[in-house]
Amino acid sequence: MADANPNRRAKTPQHLPLPDMVALVLQGGGALGAFQAGVFEALADTAIEIDWVAGISIGAVNAAIIAGNPPESRVAKLRSFWNQATSALPSLSLEGTDAWQQAVHLFSAGYVAATGVPGFFNPRLVPPVFAAPGSADALSFYDSAPLAATLDAHVDWQLLNDGPMRLSVGAVNVESGNFRFFDTTTDRIDARHIMASGALPPGLPPVEIDGCLWWDGGIVSNTPLTHVLDHQAGDMLVFQVDLFPARGARPHTIMDVYSREKDIRYSSRTRQVTDQLLRLRKERELIRKVLDKLPPALSKDDDVAALRALAAERAVSVVHLIYRARGWEGGARDFEFSRDSMDHHWDEGRLAVASTLEKDALIASNIVDGKTASFDLAK
């Protein structure tokens, strides 16, 4: 039986028991990150306290705002950031026919491409092909400098680094191609690390940290789930927020192809990690069964003891919360920063949590029994 903390229970139908470590894992996905904000707000409403938040790209931005604020301010700071990011587009309602909705969606995405996002990034005055080679202007179409000031206004960096919540953000070294996580257990994180995690080329420029240039971690892996599981110290509950669904309909137009390709590219790593987790659990269970059959004389053998340690099971429940795109949302939905879309994404995040936790008995049973499993319970 797992050691759920009796003092930590969620406000859900079955009063979901919470282990000592609850992690929130946030993918990259640009404008879709408002879905993550809605997820966090709903989790906070149900008294699910997050101990560790890990993010890539826009997930790193949301993660920094969450970890860098006291509990009572986190949702308000998230709302402030997303209101600022969606403040520039002219008001065009997404209500109406599918054709109208798709047209507004594409117009909004095009508007962002032409003008940027307030407090996030601006288009460069000189196209990179005309800039001096090696200069910052030559390495991206947009300037992300505004994001530094926005993060400083929304994040208490001392609290983020010294507070109770662990933060991890992923980025890739431009020159070596190596992927790494900046983590508050080993690093002092500031705006540069968050911006590096979201520096998706060729749109945004690389960010220099300690003499190295860093790009968006989503180039290598769009989910921090592996990092969280690799550093698991005890039983854990993980809320994995996926902005791109693995499953989808057969494409019928070239826009469908663009959208579906992006879904597969950015969701495949999450599916791979989850499948590997369950496969490793079965392998460890088999190893433990074999070890239990060994004669007592072998139990103190160093190799047997080492193998038993490797096969030890630390239970984890991975709860998937997946954004399901509307039919007319195409491949541009991750940079469509309209206020209507933001509100919709935020509300969908709240609904995904509510729909999932209606079935919390399944998750609670898994936690109490000390099992490892993944769940996709949203309707």
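All figures in this text were calculated on a predicted structure; none of them were measured in a lab. (Residues numbered from 1 in each chain as written. Predicted model: local features only at pLDDT ≥ 70, side-chain atom pairs only at ≥ 80, totals over all residues. Heavy atoms only, no water.)

K.L.:
Describe in detail the UniProt feature "short sequence motif: GXGXXG" (unreviewed entry) in the chain, supporting the description with residues and values.
P.N.:
As annotated in UniProt, the feature "short sequence motif: GXGXXG" (unreviewed entry) corresponds to residues 28-33 in the numbering used here. Taken end to end, residues 28-33 has its terminal C-alpha atoms 7 Å apart, with 17% of it in helix and 0% in strand. (UniProt positions renumbered as here; feature names shortened; annotations may be inferred. Helix = DSSP H or I, 4+ residues; strand = E, 2+ residues; numbered from the N terminus.)

K.L.:
Go over helix α4 (residues 98-115), please, and point to the residues and values.
P.N.:
The α-helix winds at 3.6 residues per turn, so residues separated by three or four positions along the chain end up facing the same way. For α4, built from 18 residues, the straight-helix expectation of 26 Å at 1.5 Å per residue is met to within 8% by its first-to-last C-alpha distance of 26 Å. Three or more residues of α4 are buried, namely Gln101, Val104, His105, Ser108, Ala109 and Val112. Taken down its axis, α4 places every buried residue within 130 degrees of arc, on the same side. Exposed and oriented more than 90 degrees from the buried face of α4 are Ala99 and Ala114. On the buried face of α4, the contacting elements are β6 (142-143). Glycine 116 occupies a position one or two residues after α4 and carries a positive phi of about 90 degrees. (Expected span 1.5 Å × (residues − 1). Buried < 20%, exposed > 50% of the residue type's maximum accessible area, 1.4 Å probe, protein only. Arc of directions from axis to C-beta. Contact = heavy atoms within 4.5 Å.)

K.L.:
Residues and numbers for the packing of aromatic side chains, please.
P.N.:
The final tally for this structure, using the stated rule, is 11 aromatic pairs. Judged by centre distance (6.3 Å) and plane angle (15 degrees), the ring pair of tryptophan 82 and phenylalanine 337 falls under stacked. Separated by 255 residues along the polypeptide, tryptophan 82 in helix α3 (residues 74-85) and phenylalanine 337 in the loop between β12 (316-322) and α11 (339-357) bring together distant segments of the chain. Using a relative accessible area of 0% as the deciding quantity, one classes tryptophan 82 as buried. Between phenylalanine 107 and tyrosine 111, the ring centres sit 6.1 Å apart and the planes meet at 45 degrees, which makes this aromatic pair tilted. One end of the pair is phenylalanine 107 and the other is tyrosine 111, both in helix α4 and four residues apart, which spans about a single turn. A residue is classified by how much of its surface remains accessible, and phenylalanine 107, at 40% relative accessible area, is partly exposed. A relative accessible area of 28% means that tyrosine 111 is categorised as partly exposed. Taken together through their ring pairs, the aromatic side chains of Phe81, Trp82, Phe120, Phe121, Tyr142 and Phe337 make up a single cluster. (Phe/Tyr/Trp six-rings, centres within 6.5 Å; stacked < 30°, edge-to-face > 60°.)

K.L.:
Got a sec to walk through α3? Specific residues and values, please.
P.N.:
Here α3 contains 12 residues, and its C-alpha end-to-end distance of 17 Å stays within 8% of the 16 Å for a straight helix at 1.5 Å per residue. Buried residues of α3: Arg74, Leu78, Phe81, Trp82 and Ala85, and no others. The arc enclosing the buried residues of α3, seen along the axis, measures out at 90 degrees, which places them on a common side. Residues of α3 that are buried make contact with α1 (33-45), α2 (58-67), α5 (145-154) and α11.

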